[in-house]
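One-letter residues, chain by chain:
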Amino acid sequence: MNSTPPRYYFRTRDLVTIGVLSALGGALSTYVGYLGRLVNVAVGVPFGAGQFLSGLHVFWIILAAGLIRRAGAASLTGLMKGLVEFFTGNPHGIIIVFVSLAQGLIIDAGLTVTSHRNSLPLFCVIGGFAAASNVVLFQLLYFSGIPLMFFLLLVVLAFSSGIIFAGYFGKATLDLVIEANVTRVRATSPSPVTKTRAKRRFPDPYKVSAVVFLSVIVIGAGLYAVFVWRPAVDPLGCDVTGQVGNPYRFTYSAFSSQEIIVEAELVGSVTYVPPQNYTGVPLAVVLSHARPADGASALLVLASDGYSATFSLLDVLSDSDIIIIVDNGLRLVATNYSGEFWVRKVSSLVIS
Amino acid sequence: MSSVNKGTSSSAPAIKVDDFSFTYGGSTEPVLHNITLTIQAGEFVLLTGPSGCGKSTLTRSLAGFIPHEFTGKSKGTVRIQGVDTRTLPIYELAKTISLVQQDPDSQIVTLNVADEIAFGLENFQTPQSELVQRIKSALATVNALKIKNRSTSTLSGGEKQKLALASFLALQSPILLLDEPTARLDPPTAREVISSLVQLNQASGTTILVVDHRISPFLPIASRCLLMNAGRLVFDGNPSQLRQHPSILQKLGVYLSPLENTRFPLSRLERDESPTLTVREIEFSYPTTHDSSTYGFALKDISFAISSGEIVGLIGANGSGKTTLLQHLIGLLSPDRGNIEINGRPVSGRPVSELAREVGFVFQNPLHQLFERRVLDELLLTSRHIKKPAPNEAETRAKSLLVDFGLSAFTSRSPFSLSLGEQRRLTIASILVHRPSLLLLDEPFIGLDYRNVNQMMTIIKQAANEGAAVLLATHDPAIVHAYCTRLLFLSEGKLLLDAPVHQAFSHLRRLGEAEYIPPHPDKSASFREVPK
Amino acid sequence: MRMKGKHLHFGYLPHSSVIHRLNPLTKLTVLTCIALLTILFNSDITSLVLLAFLLLSYFAAGISLRQIISRLRSIFVFALFIAVVQLIFTSYGALLFFLIPPLAPGLGPFFPITMSGVSNAIVLGLRLINIVLVSAIFIATTDPTLFAVALTRLRIPYRYSFLFVLTLRLVPLFDQESAIVQDAQRTRGIPVDRGVIRGFLTRIRYTFFPLVFSALNRIDNLTLAMDGRGFGYAKTRTYHRQPSFRSVDWIITIASLIITSLLLWQYTFLLPLPRLLG
């Protein structure tokens, strides 16, 4: 036994384990995508709810890391799985390599910090983070101005998926693999069989699926509430915040007694609306109600679609021709300002 | 032939094992007990013994993977060309001794045939200028030059087996170990592979050790036979000595040919008015988008029927359409033309999961059809879905099947922790609980010794006696000979033969397909005289 | 749902075009540069220029664009969806017209189409499409084995670059196994073909367990098959076919690195890049 081969950090067996699991993950990603579409159909949305299955992509990485128990195994698995998906024509192209690698890095970080403790809560937490990372990464890469609320819901959905499929299902599979002893797991505790057997608690599939579908439906309903009903709850209000003595929520109806009529001409870079009369509440009145601090000098007008415009606070406070009108939400009529300042869908006024 | 010795110049024997014992880590039961064995350079040795006797462990020990790759306790020494395997790293040993394992799909590691052959040579830093020639000559040895530029994923099973062999032959190691090199091959391809081994042994003096359950093809060519049982070497002599002790062999589950006198009286074979399965003129071709070279032949104008109580053997070359035909019978594939009826009802238009009530299907690899966490649940899976029989009855039946199949000790074990033989028995037990009237078995015996085969067939026969019709696809003519009442022979998608077994074998000889006739035709001849 | 053979057809389409003959590393560099530019820049002009460049590359590689589009139809539909959403819901910027004119006094007009909306639609729609197109041409023109060999030139040890070849080799095998496992489920009476909701998790388990165990069972044999053929014998190995790195590779690599760094430099210091009609 005194042979002195060049010692490699990962033995051939470790590399093969990584290859086998990444290949299987890559081969099954089509299947997981197909299941994701089923979930979308079941919930009734074109996309998004499929995030409920994103933990199934992390499952492979966690399984490989749990079997090999060496730092770097998860990252290598993530990288290989991503590369294979890229080379077999994943619709996200090269991006999938980075998404998958990021998941591996997160799992490696989590497991290394805890020195590969074989515990269910740990697997669930890192599985959750790894699964959620894909939403964040896609959001960063393809920022398409989706509302924060929707983004957060997707993160929560992916995180729960990571808990269920990467954490719970991953740990259960790992225990079963160790019990069946199909692979010779690197130096585990002396009697993993008896230990895991005593601990083996599988979720009743029907109970779990009931809970899961209930939550999907609740989340789906939440999405619709956010998207469809939010405008109807109070479409005509905006927050007035920042360096003010009295931050409050402005509602048009509360100020309707202060309405005035101004005549304004909209001159945009392309748009032109000839002078016409607009009826609305003076912006100065709305701002004064919040009692701007003495040092404040700027006003940031934010729209719900992410657009913003900055005004000089002093100019605005002394300008009674700038009004807020009701036009498909709140809209700023910035008389004598160019078209870019006529902000639509005003959601908040920030004074600084 | 045993003294040809060009491979080595040293006088040390090719393999020398001294009082070697081994116990896998995590186990207390030794797999090998005090093995002592010397094999001289240039010998052609056959090693056989029942499933689980330690044959594979012995080959792993000879190639040095034990103790280098597998943890455990060992005692004694293994020397290859005089060198203790423990003192050399595994890749140094690999230059001297090559182990070709059973499943080619678990040995092919590259995307192209030429890359696969080059893999080992490249690792050993063979200069690029030599590689092209070495790739060609390795493929030529196994008579497979024409696949040189193919992608590995499009190869057939037989081509994969040849590739796995050639990729080791390219290394030109003086000692070659082969674990069941012909188990997945149809008889003609098996003969081709065996003759390249003989050629290698005679021309280059390569020392060869073949491990196999099917020993008859090797008896005429091996210079020496080894027999193992329960981790011990129990026989070491020449093949003719082995033939003289058929009873010892039978006790060990190794048969020169499988059990005889097990078939049904011929009266069973009379044509039935309402057969369980009727196939009428079906035709099928794979969609053209598929790479035609990777799939079996289409089915051409196939008609036959199987009645309750029959056990029908389905034989034919790799890719002749056996699996394709079986997939039609349970609705996994639909014929382009023609129709299939089970118990008088057409198959087409019914979902597979519904047909499962009447048809039980066993796939080649048991791991592809085990789903549950406990053995008992595995048996109850189908009845839970099709609600037949009632839960109590199903559980009673499942438990009695577990006893019949010798699996009752594993009732609450994970199916994945069982041995291959146990898993195969479990897959058959799992389709019997709801008593389907048609059983379709696709190569269920690969890698099993005849004792296991016999145990399984006894229960299948019992199911047939209770009224099931059975269709069994296999490469092994000896099994058909021993257990089947009738034989279907497929060739390139056509049904060339449908006849009672004893007639079928003489037809096959006339068709020039003598390889599908089991050895000892003298014995099969005697069956012609079975009274009606 | 049978998915037999979905992956059997890899992205690689053997051919001998100019682009096929480039070194995989050259193509990897160009791929990285284009992906970086696409993601970082919010400029419709940059997006359109990149698109034109990519279409030209497809022509040079002799690859039918129609084939790629039909294979990746879903992503093109998704890109179109994103573009339309941007077009309709971007309400700032110079107004072009309203999608729905005033219907009655006080009702409408609705959905202003603005220049910014057009610009956003181009940028975000093309971001997806450009990345897909550059990825697809890379894999269509790059032999994966040569890609792995080329990686060793970046001083990546061959044991790791070979791991990629091994993994890719196993995908079609597992793809077939996955089809078999789904067939096996149906033959056991599990209604895979009906009932979307019922037993959803059980179905996942029934698919994952057999495949995981059958795959893990191959580890022993694969390991022996590799170690038994000298895998890891030395730090380097020879190759019977190797990609060449010609002067054209140098030119393209250096040119794309220079162009990308210049654009990135501008991006960092003159942020943001002038937007069409901002």
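Structure: above.
Thresholds, definitions, all that
- Residues numbered from 1 in each chain as written.
- Chains lettered and ligands numbered in written order.
- Predicted model: local features only at pLDDT ≥ 70, side-chain atom pairs only at ≥ 80, totals over all residues.
- Heavy atoms only, no water.
- Helix = DSSP H or I, 4+ residues; strand = E, 2+ residues; numbered from the N terminus.
- Buried < 20%, exposed > 50% of the residue type's maximum accessible area, 1.4 Å probe, protein only.
- Areas by Shrake-Rupley, 256 points an atom, 1.4 Å probe, with all protein chains shown as cover.
- Contact = heavy atoms within 4.5 Å.
- Expected span 1.5 Å × (residues − 1).
- Bend = angle between axes of the 7 residues up to and from the residue.
- Buried area = accessible area lost by both parts, 1.4 Å probe.
- Salt bridge = Lys/Arg side-chain N within 4 Å of Asp/Glu carboxyl O.
- Polar contact = N/O pair within 3.5 Å; in protein donor to acceptor, adjacent residues only side chain to side chain.
- Nonpolar A, V, L, I, M, F, W, Y, C, P; charged D, E, K, R; others polar.
- Pairing = 2+ DSSP bridges.
- Phe/Tyr/Trp six-rings, centres within 6.5 Å; stacked < 30°, edge-to-face > 60°.
- Lys NZ or Arg CZ within 6 Å of the ring centre and 35° of its normal.

A few words on the overall build of chain C. Scanning chain C from N- to C-terminus turns up 11 helices and 2 strands. The order of α-helices and β-strands along chain C, N terminus first, is α-α-α-α-α-β-β-α-α-α-α-α-α. Across the 278 residues in chain C, those meeting the buried criterion constitute 59%. Element-wise, carbon and sulfur atoms account for 71% of the exposed surface of chain C, whose accessible area totals about 11600 Å².

When its secondary structure is counted, chain A shows 11 helices and 9 strands. Across the 352 residues in chain A, those meeting the buried criterion constitute 53%. For chain A, restricting intrachain contacts to residue pairs at least 6 apart in sequence, the fraction spanning at least 24 positions comes to 66%. Only carbon and sulfur atoms are counted for the fraction: they give 63% of the accessible area of chain A, which is about 14600 Å².

Residues and elements named next belong to chain C. Under the 1.5 Å per step criterion, the end-to-end length of helix α8 (residues 158-187) is 43 Å for 30 residues, consistent within 8% with the ideal 44 Å. Along α8, the sharpest change in direction is near 30 degrees and occurs at V171; proline P172 comes one to four residues later. With respect to burial, α8 is a largely interior element, 27 of its 30 residues being buried. G189 occupies a position one or two residues after α8 and carries a positive phi of about 90 degrees.

To continue, consider the interface of chain C and chain A. On the side of chain A, 74 residues touch chain C, which itself brings 77 residues to the contact. Together, the buried faces of chain C and chain A total about 7100 Å²; carbon and sulfur atoms form 77% of this surface. Remark: the boundary between chain C and chain A carries 1 salt bridge. With a shortest N-O distance of 2.7 Å, R13 of chain A and D220 of chain C are connected by a salt bridge. Summed over the shared surface of chain C and chain A, the number is 6 residue pairs in polar contact (both at pLDDT 80 or more). If you list the elements that add at least two residues to the side of chain C that touches chain A, you get α2 (24-40), α5 (73-89), β1 (95-100), α6 (115-141), α7 (144-151), α8, α9 (200-216) and α10 (218-227) of chain C. The biggest single contributor to the side of chain C that touches chain A is α9 of chain C, with 14 residues. Broken down by class, the residue content of the side of chain C that touches chain A amounts to 52 nonpolar, 16 polar and 9 charged.

With that out of the way, let us pick up the sheet that holds strand β4 (residues 72-80) of chain B. Residues and elements named next belong to chain B. Strand order in this open sheet of 4 strands is β2-β1-β4-β5, and the pairing throughout is antiparallel. Pairing within the sheet leaves two strands with one partner each, and these edge strands are β2 (32-39) and β5 (83-84). Where strand β1 (residues 15-24) and β4 come together, 8 bridges link them in antiparallel fashion. If you follow F22 over to β4, its bridge partner there is S74.

We now examine the environment of I139 of chain C. With respect to the helices, strands and loops of the structure, I139 of chain C is situated in helix α6. C-alpha of I139 of chain C to C-alpha of V181 of chain C: the two residues are 42 residues apart in sequence and 29 Å apart in space. Excluding its chain neighbours within four sequence positions, the residues that come into contact with I139 of chain C are F86, F87 and G89 of chain A together with G11 and Y12 of chain C.

As enumerated under the stated definition, the model contains 40 aromatic pairs over all chains in all. Both rings, one in F119 of chain B and one in F162 of chain C, keep their centres 5.0 Å apart while their planes meet at 40 degrees; by these two values the pair is tilted. With F119 of chain B in helix α4 (residues 113-123) and F162 of chain C in helix α8, the pair connects residues from two separate chains. Among the aromatic side chains, those forming a connected cluster through ring pairs are F59, W60 and F169 of chain A, F416 of chain B together with F208, F209 and F213 of chain C. Of note, R70 of chain A hangs over the ring of Y9 of chain A, and the distance from its end group to the ring centre comes to 4.5 Å. Over the ring of Y8 of chain A we find R159 of chain C, and its NZ or CZ is 3.7 Å from the ring centre.

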